[in-house]
Amino acid sequence: MSFTNQKSPAKEAAGAEAAKLIQNNMIVGLGTGSTAFFFIQGLIKRCKKGLKIKAVSSSKSSEQLARDGGIEVLDLNDIEKIDMTVDGSDEIDHQKRMIKGGGGALLREKIVVNASDEMVVIVDESKVVDELGEFPLPLEVVPFGYELTKKQIEKKGYRTTVRKKENEIYITDNGNYIIDVQFKHLSGTPEDHEEVLKNIPGVLETGFFFNLAGRVIIGDHEGKVEIWK
Ligand code: 5RP
């Protein structure tokens, strides 16, 4: 999936603000999506003015974007840790719990974030919610027997959709599929749903991100930002 420069003062402001946080010699984790796109653009600008960093990426599209802008992108296996990862989110609540994976990169994003000293989240104001679940929860699933995996998820009460792109099943950078799951009509906390869903064989990862967000930068339609520490 590639993200082009769609006009959004809110996303652009959040991305640009995050780019200011990056310091010389950092290893930077690159998120994926239209907000991360603006962060990467901001980072490229700063690198052209002399900032020295190296990056690792959560997707092929962000890797390409960064490389095209002259940023060196390393293999995750070749580094010890990431200093700071900057990534978007589809929903974030006031406890900084998130749903991610709208762009299909949730598994790599979680691996990258987990290896990072800090995850800085960049969102526009529409992503801040009182309760998670309006946005369907993406699950990365193994293609083998995915129809069976889907039925197992439905048996637990969830509504499901196999993600498609141009009428074909969407395939992640890891060669897997995405099943988007509705849980809003069910009782239980996001943590309860995480436990149920992660226990279904074939489900590799969920788009729930708990206890991972550090600072959260929220851009608004006027291009102003609010920062949650
Ligand atoms: C990709 C993601 C994105 O961070 C999330 O979908 C938000 O995207 P955008 O910034 O385009 O709204 O999790 O897998």
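Scroll up a little and you will see the structure.
Here the residue numbering is sequential within each chain, running from 1 through the sequence in written order. Restriction of local features to residues with pLDDT of at least 70 applies here, the model being predicted, together with a cutoff of 80 or more for giving and counting side-chain atom pairs; totals for whole chains, interfaces and linings are based on all residues. Excluded from the side-chain calculation are hydrogens and water; included are all heavy atoms of the structure.

Draft legend 1. Representation of the sheet that holds strand β11 (residues 177–182). Note on pairing: two strands pair once DSSP finds at least 2 bridges between them. Helical segments are the DSSP runs of H or I of at least four residues, strand segments are the runs of E of at least two, and each set is numbered from the N terminus. One open sheet accounts for 4 strands, arranged β8-β11-β7-β12; its pairing is antiparallel. The open sheet has two edge strands, β8 (159–162) and β12 (203–206), and neither has a second partner. Strand-to-strand twist of the sheet, defined as the mean angle between neighbouring strand axes without regard to direction, takes the value 30°. Pairing of β8 with β11, which is carried by 4 bridges, proceeds in the antiparallel orientation. Looking across to β11, one finds that threonine 160 is bridged to valine 181. Throughout, a residue-residue contact means that at least one pair of heavy atoms, one from each residue, lies within 4.5 Å. Think of each axis as a best-fit line through the C-alpha atoms, taken over the contacting stretch in the case of a helix, with angles from 0 to 180 degrees between the N-to-C directions. Packed on one face of the sheet, helix α4 (residues 106–114) meets β7 (137–141), β11 and β12 and runs near 65° to β12.

Draft legend 2. Geometry of the site of the ligand. Residues are counted as near a molecule or strand when any one of their heavy atoms sits within 4 Å of it. In the region of the ligand, 17 residues are neighbours, and Ser34, Thr35, Asp90, Gly101 and Lys127 sit closest. Between N or O atoms, a polar contact is any pair within 3.5 Å; within protein, one atom must be a potential hydrogen donor and the other a potential acceptor, and residues adjacent in sequence are included only when both atoms are from side chains. Separating an oxygen atom of the ligand from a backbone N or O atom of threonine 32 is a distance of 3.0 Å. In the model, an oxygen atom of the ligand is placed 2.7 Å from a nitrogen or oxygen of the aspartate 90 side chain. With residues, only the protein chains shown are counted as cover, and all accessible areas are computed by Shrake-Rupley using a 1.4 Å probe. Relative to its free-state accessible area of 380 Å², the ligand is covered by the protein chains to the extent of 94%.

Draft legend 3. Summary view of the packing of aromatic side chains. Only centres within 6.5 Å qualify two rings of Phe, Tyr or Trp (six-membered ring in Trp) as a pair; their planes then separate them into stacked at under 30 degrees, edge-to-face at over 60, and tilted for everything else. Enumeration over the complete set of coordinates arrives at 4 aromatic pairs. Measuring from ring centre to ring centre gives 5.4 Å for phenylalanine 37 and phenylalanine 38, while their planes differ by 85°; the resulting arrangement is edge-to-face. Summarising the aromatic geometry, the rings of phenylalanine 208 and phenylalanine 210 are spaced 5.1 Å apart at their centres and angled 25° between planes, so their arrangement reads as stacked. Only protein chains enter the accessibility calculation, which uses a 1.4 Å probe; a residue whose area is less than 20% of its type maximum is buried, one above 50% is exposed, and one in between is partly exposed. On the basis of relative accessibility, which here comes to 16%, the residue phenylalanine 210 falls in the buried class. Taken together, Phe183, Phe208 and Phe210 form an aromatic cluster joined through their ring pairs. Charge-over-ring contacts are defined here by two conditions on Lys NZ or Arg CZ: a distance within 6 Å of the ring centre and an angle within 35 degrees of the ring normal. A cation over a ring is seen here: lysine 100 above phenylalanine 209, with NZ or CZ 5.5 Å from the ring centre.

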